[in-house]
Amino acid sequence: MDAIILLTLTGLGLAALYFLVASGLSLVFGLADVLNFAHGLFLGVGAYATWWAAGNLPGAGPDGLGFVVAVAFGVAAGTLMAVLVELVLIRPLYSRTIEQVLVTVGLSLAGVALLQATWGADARPFPRPAWTREVTSIFGAQVPNGGLLLIVAAALVLGAILAFLRWTRYGLIIRAGVENREMVTALGIDVRKAFTLVFAIGGAAAALAGALGSVYFGTVSPQQGGSLLIFAFIVVVIGGMGSVVGSAYAAVAVGLLQQFVNYYGTSGLGDICVVALLAVVLLLRPQGIAGKAVTA
Amino acid sequence: MSEPVLTVEDLSVRIAGLHILQGVSFTVAPTGVTVLLGRNGVGKTTTLRAVVGLTPRSGEVRGTVRMGARSLLSQRTHRLVRDGLGYVPEDRCVFAGLTVAENLRLAERRGTTAAYDRVFALFPELDRRSRQRAGSLSGGQQQMLAIGRVLLNDNRLLLVDEPTKGLAPKVVTEVAEVLERVAESVPVLLVEQNLAVVRRLARDAVVLAAGRVAWAGDAQELLLETALTRSLLGVGSVEGHQPASQPAAAASAPEDGN
C-alpha cells in the first residue's frame, strides 16, 4: 500500500513537471499554430537563471525568501526569453510552418550548446532549500518534498491559467483564437498581441518547471529541457492541442503510467508504454482527450 | 451621384495557382444593399475576403480597393474592421465553445460604447440566450449572433457573406428583415444566392462570372430579365431559386454573351 501511495505521488510530481512544460506548448500551438521546439530552452534558461541567481544575485539564495527570489528571477528570465523568441524569430514566420520548425529546432540546439559552452556539459548540483531534500510521511509512504512542491506549483499554475482564460479579456481572446484565429482578427482584434502573451505564459511556466524540476532532481544540466520536451509533446497531443485542462489530464495519465510501469515492470518500459498510449489515443481520438476547447 | 463607399478596381487574386479573380472592378453605393451574385466558385467570397484582408498569405492580391479615399489592400484586417469595415463571414463562424455573451463581448472595443441596445432590439433572442454556448444555437440563431456581433460597433460598410445559407425559409425571412433594417443606416455589400432575398433587399447588383464582372447595374432590372438571370446565374425564375453550381468556373475564361 505504501508503495502505491509513493508511486502515485511521485507519478503526480512527474505529471506536474510535464504539465508545466506542456501547458504553454499547448496554448502556443492551439492559438498560433506554432510547433515550438525551442520550448525546452525556456525550461533550461529558467533552471540555469535560478541556479545562477541563487549563488550570485543580491537578495537571492538557496533557502527561504532568497530561494523564492531566485526562482522568480529564473521565471522572469524564461519569460523574457520566450517573448524575445516570439517577437524576433517567430513573428516574421507565422503561416510558414517549415521555417518555424527549422528556426525553433536550430534555436534549441544552439541554446543547449551555449549553456554547455558557458557552464559545461555535466550536470551541476542545484542549490535548494534543505526541506526539499527531506521527505514527508503520507499514509506511511515517505514522499520527497521536492515532488510535493511540484504538485502544488502545477496545481496553482493550472488554477491561475484557467482563471486568466475565463475571467480576463485576453483570456477570452485566446480561447476564441484557439477556435478560429481569423475570426478574432475579423472582429477588429490584433491577435498578434495574444500570440506574444501565450509565449510569455508558456515561457514562465516552462521556466518554473526548470527551476522546480532542478529542485526535484537536485541537479541542473543543459540537456534537461530537451528530454522533458519529448514527453511534454506527447502530453500535448494526448490532451488535445490547445487545451490546458486536456494537458493536465494527459500529464497525470503519462506520469502515473510511467512511474507504475517502470516500478512494476522493467526500467524504461514505462516510456514505451507512454508512446503506446500516444498511439492508441491517435488511433481512437486523434483530436486528443479534450479536442481544441482550451478550458474543456 | 454620391461618392461610392467602396471602390474596387482591377482586383486580381491568385491562390494556390488558381487565378480566382481576374481584374474585378465595381463600386458600392453609400446607401442600401449592393449584391454580389454569380454561380458557385466564381469568386464572390474571395472578393469579400480580399476586401477585408483575409486572403491567405500564400495568395497574391493585386489591384486597388478603396473605402472613401483610403486604400485598403495594404492594411491589416483588424485595422480595417476598427475603421468601420464590418464582416459577417460565410458559415457564421461563431465561437462554438464560448457563450453568446462572450461572443458579443469579443466584439467590444476599448474607448467606444458597445451598442447592446441596438443588437438586442434586433435580436431579443440573443439577450435571452446570453449564457448559452454558441455551438448549441440553431443555425438561424448563430447567424443572428454573427450579425449582432458586427452591429455592436458603428460601421461604415458591412460585408455580409451568404447570411441565409442553410437556413429554414422562416429564418431566411427573419434574416432578410434584419438586413433590410440594417441597410437603412449602413451600406451593405451582400453575397447572396437566394434570389428572393436579393429581390427584397438589393438595389444594385454585380454579377461575377469566371472571376470577372459579367454584369453590373440595377438589381431589380436584372431580376426582371429572365433570360439574363438564366444566362448569368443559371436560373430563370426568382422565387426561392439559387444559382446552379459552376465548380470549374474559377480558373476558366468568362462566359460568352453575358
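Owing to the predicted nature of the structure, the values given are computational and were not obtained by experimental measurement. (Residues numbered from 1 in each chain as written. Chains lettered and ligands numbered in written order. Predicted model: local features only at pLDDT ≥ 70, side-chain atom pairs only at ≥ 80, totals over all residues.)

A word on the nonpolar core. All names here are of chain A. Within the largest apolar cluster, 184 residues are counted, with the highest numbers of intra-cluster contacts made by Tyr18, Leu20, Val21, Leu208, Ala232, Val235 and Val254. Among the elements that line this core, the one with the most residues is helix α1 (residues 2–32), at 18 residues. Filtering out sequence-adjacent residues up to four positions away, Val21 remains in contact with His39, Leu43, Ala206, Ala209, Leu228, Leu229 and Ala232. (Core = buried A, V, L, I, M, F, W, Y, C linked by C-beta atoms within 7 Å. Buried ≥ 20, exposed ≤ 12 C-beta atoms within 10 Å, placed from the backbone. Helix = DSSP H or I, 4+ residues; strand = E, 2+ residues; numbered from the N terminus. Contact = placed C-beta atoms within 7 Å.)

Turning our attention to helix α10 (residues 226–233) of chain B. Residues and elements named next belong to chain B. Among the residues of α10, those classed as buried are Thr229, Leu232 and Leu233. Here the buried residues of α10 occupy an arc of 75 degrees about the axis, which is enough to place them on one side. Packing partners of the buried residues in α10 comprise β3 (33–37), β9 (202–209), β10 (212–218) and α9 (219–224). Backbone geometry just downstream of α10 places Gly234 in the positive-phi region, at approximately 85 degrees. (Arc of directions from axis to C-beta.)

So, about the UniProt feature "transmembrane region" (unreviewed entry) in chain A. Residues and elements named next belong to chain A. Look at the UniProt record and you will see "transmembrane region" (unreviewed entry) annotated at residues 6–27, 34–53, 65–89, 101–119, 146–165, 194–217, 229–256 and 263–284. Between the end C-alpha atoms of residues 6–27 the distance is 31 Å, and the span holds 100% helix and 0% strand. The span residues 34–53 shows a helical share of 75% and a strand share of 0%, and its end C-alpha atoms are spaced 31 Å apart. (UniProt positions renumbered as here; feature names shortened; annotations may be inferred.)

A word on the environment of Arg212 of chain B. Residues and elements named next belong to chain B. Note on placement: Arg212 falls in strand β10. On the basis of neighbour count, Arg212 is assigned to the buried category, with 20 C-beta atoms found within 10 Å. Distance in space between the C-alpha atoms of Arg212 and Val42 is 8.0 Å, their sequence separation being 170 residues.

The next thing to look at is the sheet that holds strand β7 (residues 157–161) of chain B. Residues and elements named next belong to chain B. Strands sit in the order β6-β7-β8-β3-β9-β10 across an open sheet of 6 strands; the sheet is mixed. Strands at the two margins of the open sheet, each flanked by one partner only, are β6 (85–88) and β10. Strand-to-strand twist across the sheet, computed as the mean angle between neighbouring axes with direction ignored, equals 15 degrees. Sheet topology note: the β6/β7 ladder contains 4 bridges and is parallel. The partner of Val88 across the bridge, within β7, is Val160. Contacts between helix α1 (residues 44–51) and the sheet are confined to β3, β7, β8 (188–191) and β9, with β7 contributing the most and set at about 145 degrees to the helix. (Pairing = 2+ DSSP bridges. Axes fitted to C-alpha atoms, helices over the stretch in contact; angles between N-to-C directions.)

Let us look at the interface of chain B and chain A. Listed per partner, the contact involves 20 residues of chain B and 16 residues of chain A. Going through the elements one at a time, α2 (77–82) and α3 (100–106) of chain B are the ones with two or more residues in the side of chain B that touches chain A. Here the element with the most residues in the side of chain B that touches chain A is α2 of chain B; it accounts for 4 residues. Looking at the side of chain B that touches chain A residue by residue, the class counts come to 11 nonpolar, 3 polar and 6 charged. (Nonpolar A, V, L, I, M, F, W, Y, C, P; charged D, E, K, R; others polar.)

An ideal rise of 1.5 Å per residue puts 22 Å on 16 residues; helix α10 (residues 269–284) of chain A measures up with 22 Å between its terminal C-alpha atoms. On its buried face, α10 of chain A sits against α8 (224–239) and α9 (244–264) of chain A. (Expected span 1.5 Å × (residues − 1).)

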